[in-house]
Every structure is written in structure tokens, then in C-alpha cells.
Amino acid sequence: MRAARRTQRLPTGGLTSLLGAGREYGAVDLAVGTPEWPAPPENLVAQAASAVAGYNQYESPEGVRALREQIAAALGAAGDPVDPETELTVTVGASEGLCVALLSVVDPGDEVIVFDPSYENFLGGIALSGGCPRWVRADSAGRVDPDDLAAAFGPRTKAVVVNTPNNPTGHVLTREELDVLGALCERHDTTVISDEVYARYVFDGRRHVSVAEIPSLRDRSVVVGSLSKSHAISGWRIGFVRANPALSSVLRRVHIATTAGAAGPLQRAVVQSGALTERDWDPTAGMQRNRDRVVELFSRAGLECLVPEGGCYVLADIRPVTERASDEFAKRLLVEAGIVVAPGRYFFGSGAGGDELVRIAFNRRSETLDEVERRLAAFGTVAG
């Protein structure tokens, strides 16, 4: 069988290969971002069980109206109104939302600017759309030089994919950075696709700024969101895309062609639980404590940790303790300490970089982090 050429450009699934990678070693998994903490709101799970008994058929492809209204209210809390009827579409997780956005905007041969490092699924979505990635290297803190960004734009540039808070660096794009991006996109008639799935988790008094809040990007952006991390229901696959009405109509047609709609009972469960409107359930402070603890544990072990501004991952430099490549170091940590981390090279789609880095997830229960502390202490030095 001759597979389509575009499939040859799909990433090899390095991150998904880590699912269950440490089972034979009884390892603690800090590699993938599947939430172990916080637990989903109790009422949300209870409503899911109830909804399955009553709603088992297709819903409207654009998503349950009441759910879109609640998402719109949550997004509009910062003073930026969202029309749930014309600007929001519920998708099968953020992964489908990303692919729908790229398929709606990018033609084969178009260039798509991507920051390096980034989440590997960005490369997959670009490949499926027929686009060509144009990499812009970020510094160790996740920031991109404005001159490097400007130089990446050209006559074939059709879209820019950003992620804020960023996976894996934890950098939160500032309004000033987004203003620079907006001016460039206006000049080159380019659309921004912004993965904002970690928007709930922004630390140290910072505020998440959506691309949709930037006047120059308001009508030339697609915001991709999800409940997977914010409410710890990654298996439910409930995401959404936000765009202006004209672009939303295109997104919805592509969405119908790809999945025709997200799971109806689970959409209903979110609505009936009131999870999106619950003000007393806010795990952000607890997530920041987890961040600080993981930074302290692995810094004590000798790694140089970048303190993330948001998200649920720590990016750590292993060079102070080893000259091994990141995948070799991760293998040693798995076999000898029983801890799984993600090799940094999985996040450098350009193929250059990441051998000195590992990514460590901290959306974990305190008991899990207690066990990590014990294992690191028993392991002793990670040097070598």
C-alpha cells in the first residue's frame, strides 16, 4: 500500500509512546500531561453518569447551545464578549480543534510559523493540512526575538501557531509580545491559531491574555481551548474553537467533515454540573504549589529548572549532571529511579535541540510527589 505523502511528515508520536512506558518498572509517570491532580469536580462526574441515561444521540455539530453559552461567559469574564451562536464551536478535544483550524486556513504549500520548542501535535496538524512549518527558535525562557519572528514572515506565510501558556516552556505571552505578533499578522494578512488549553493555570500574579483580546488579532485568530486540563477530564475529549463569525462558519463545515460533533452526553453533563460557572472550584493555587515543589525536588537533584509562568510542566536542563542525551538520561532515570520524564527532543520539531532538556509534569497528587521525593533520595545523585 502506498500511503499519502503527507503522512510521512507526521511526528512519530514520541509523547504518546510514553503512555504506560514505566509500567514494567513500577515507575512514577511525570512524562505525560494526563491530569492526576486536580480531581474533576465531583458534581461533573455525577452528572456524566446521569446524562448517559438520557442523552445518547447526536447533538448539533456546533455543540450544545447551553454549553457554548457557558464557555462564552467564561471567556468573556475578562471583558471581551463572545457570541456563542456565531463564534464558538465545540470540538472533540483541542486536538481536533487544532486540526480543524489548520485545515480551514492552510492550503498545501502554505507556510505556517511555529515556535521551537512546541507541542509535537502542531507538526501533525500542519502536515495533515499540507502546510510547511517555518520554525522560529525561542530562547531558554520560551521567548522569541521580535526580529527573528519578523524574518520568518514571507509571501507564503498563511498562519502562525502559538501556545500560551506554552508547552513545554511554561512561558505566558504578554500583551506586548502579542501586539508585535498582531502588527506582523496585519502586515502579512496572516491568521493566528492560538492553543490556550492551559489558560486557567497562570502563576505568580500574572494574567492570561488571549489573542482574541488584541485588537489587531481579534478578527484574524482562532482560539483553541479545552476542558481536558482545566477540569481534569482529558478522556472526555471536549474542546472548542473561537473565531469571528465568517471563519467560524468555515470551521464548522470542516468540523462536520471530520467528526460531526463531540459526545452529546458529556456536553450535557458539563452544562448541568455548572462546572464552568463554579467560582469556588479553583485549583490554580494548588497547581502553583505543585510547580514549586517539583522545581525544588529536581533542583536538589542537580537539574537546572526553568520556573514556568503557567501550564503544568517544568522544563529542566540536565547538563549540570550529565553529558548524556535527553532520551538516554530519561531511560536511566526510569530504570534506576523508577521515574518517567519526557525527553526534550520530542518538542523540537525543527530537529535541532532538546538533547539537554527534559520535561516534567507537575499536575500530580501530593502523594505522587511524595513518592518522587523518596525515589530521588534513594537514587542519590543523578549525575553520570
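A few points on the structure. Keep in mind the model is a prediction, meaning the values are calculated, not measured. (Residues numbered from 1 in each chain as written. Predicted model: local features only at pLDDT ≥ 70, side-chain atom pairs only at ≥ 80, totals over all residues. Heavy atoms only, no water.)

This part takes up the overall build of the chain. For the chain, the helix and strand inventory stands at 11 helices and 13 strands. Relative to its length of 384 residues, the chain is compact, with a C-alpha radius of gyration of 20 Å against a globular reference of 21 Å. Across its three principal directions, the C-alpha atoms of the chain cover 55 × 50 × 50 Å. A total of 384 residues make up the chain; the buried ones form 56% of that total. Long-range pairs, those at least 24 residues apart, make up 75% of the contacts in the chain with a sequence separation of at least 6. Within the structure as shown, the chain displays about 16200 Å² of accessible surface, and the carbon and sulfur contribution to it stands at 50%. (Helix = DSSP H or I, 4+ residues; strand = E, 2+ residues; numbered from the N terminus. Rg over C-alpha atoms; globule rule 2.2 N^0.38 Å. Buried < 20%, exposed > 50% of the residue type's maximum accessible area, 1.4 Å probe, protein only. Contact = heavy atoms within 4.5 Å. Areas by Shrake-Rupley, 256 points an atom, 1.4 Å probe, with all protein chains shown as cover.)

Counting residues in hydrophobic clusters, the biggest one holds 54 residues, and the most contacted among them are Ile193, Val222, Phe298, Ile339 and Ile360. Contacts of Ile193, omitting those with residues within four sequence positions, involve Leu98, Ala101, Leu102, Ala159, Val160, Val161, Val162, Val222 and Val224. (Core = buried A, V, L, I, M, F, W, Y, C linked by side-chain atoms within 4.5 Å.)

Here we take up the sheet that holds strand 4 (residues 132-137). As summarised here, the arrangement of the 7 strands in space is 2-8-7-6-5-3-4, forming an open sheet in which the pairing is mixed. Here the strands that pair on one side only, and so sit at the sheet edges, are strand 2 (88-92) and strand 4. Averaged over all pairs of adjacent strands, the angle between their axes in this sheet comes to 25°, without regard to strand direction. Of the pairings in the sheet, the one linking strand 3 (residues 111-116) to strand 4 comprises 6 bridges and is parallel in character. If you follow Asp116 over to strand 4, its bridge partner there is Arg137. Of the strands in this sheet, strand 3, strand 4, strand 5 (157-163) and strand 6 (191-195) touch helix 4 (residues 121-129), which is tilted by about 150° from strand 4. In this fold helix 6 (residues 175-188) packs onto strand 5 and strand 6, with an angle of close to 160° to the strand it touches most, strand 5. (Pairing = 2+ DSSP bridges. Axes fitted to C-alpha atoms, helices over the stretch in contact; angles between N-to-C directions.)

With that settled, the discussion passes to a negative patch on the surface. Among the surface-exposed residues, Asp139, Asp145, Asp147 and Asp148 lie close enough to one another that they form a single negatively charged patch. As for its placement among the helices and strands, Asp145 is situated in the loop between strand 4 and helix 5 (146-152). (Patch = residues over 30% accessible without salt bridge, like charges linked within 9 Å, V, L, I, M, F, W, Y side chains within 5 Å. Salt bridge = Lys/Arg side-chain N within 4 Å of Asp/Glu carboxyl O. Lys, Arg positive; Asp, Glu negative; His and termini not counted. Charge placed at Lys NZ, Arg CZ, Asp CG, Glu CD.)

Summed over the entire model, instances satisfying the criterion amount to 3 aromatic pairs. With a centroid separation of 5.8 Å and 85° between ring planes, the pair formed by Tyr119 and Phe122 is classed as edge-to-face. The exposure class of Tyr119 is partly exposed, given its relative accessible area of 26%. Measuring from ring centre to ring centre gives 6.3 Å for Phe203 and Phe362, while their planes differ by 50°; the resulting arrangement is tilted. One end of the pair, Phe203, is in the loop between strand 6 and strand 7 (221-226); the other, Phe362, is in the loop between strand 13 (357-361) and helix 11 (366-379), and 159 residues separate them in sequence. Exposure remark for Phe362: the relative accessible area of 0% places this residue in the buried category. The residue whose ring lies beneath Arg359 is Tyr313, and the NZ or CZ to ring-centre distance is 3.7 Å. (Phe/Tyr/Trp six-rings, centres within 6.5 Å; stacked < 30°, edge-to-face > 60°. Lys NZ or Arg CZ within 6 Å of the ring centre and 35° of its normal.)

A separate point is the pattern of salt bridges. Enumeration according to the criterion identifies 30 salt bridges in this entry. Among the ionic pairs, Glu213 bridges to Arg175, the shortest N-O distance being 3.5 Å. Here the residue Glu213 occupies a position in the loop between strand 6 and strand 7, and Arg175 occupies one in helix 6, the gap between them amounting to 38 residues. The exposure class of Arg175 is partly exposed, given its relative accessible area of 32%. The partner of Arg345 in a salt bridge is Asp327, with the nearest N and O atoms 3.3 Å apart. With Arg345 in the loop between strand 12 (342-343) and strand 13 and Asp327 in helix 10 (residues 326-337), this residue pair connects regions lying 18 residues apart in the sequence. The partly exposed category is assigned to Arg345, whose relative accessible area is 37%.

Moving on: the pairing of strand 6. Of all 5 residues in strand 6, 5 are buried, a share of seventy percent or more. Neither face of strand 6 is open: one carries Thr191, Ile193 and Asp195, the other Val192 and Ser194, and all of them are buried. When strand 5 meets strand 6, the two strands line up parallel, connected through 5 bridges. In the strand pairing of strand 6, Val162 is matched with Ser194. Taken together, strand 5, helix 6 and strand 6 constitute a β-α-β crossover, and its handedness is right-handed. (Right-handed = clockwise from strand over helix to strand, strands pointing away.)

Keep in mind these numbers describe shape, not what the thing actually does.
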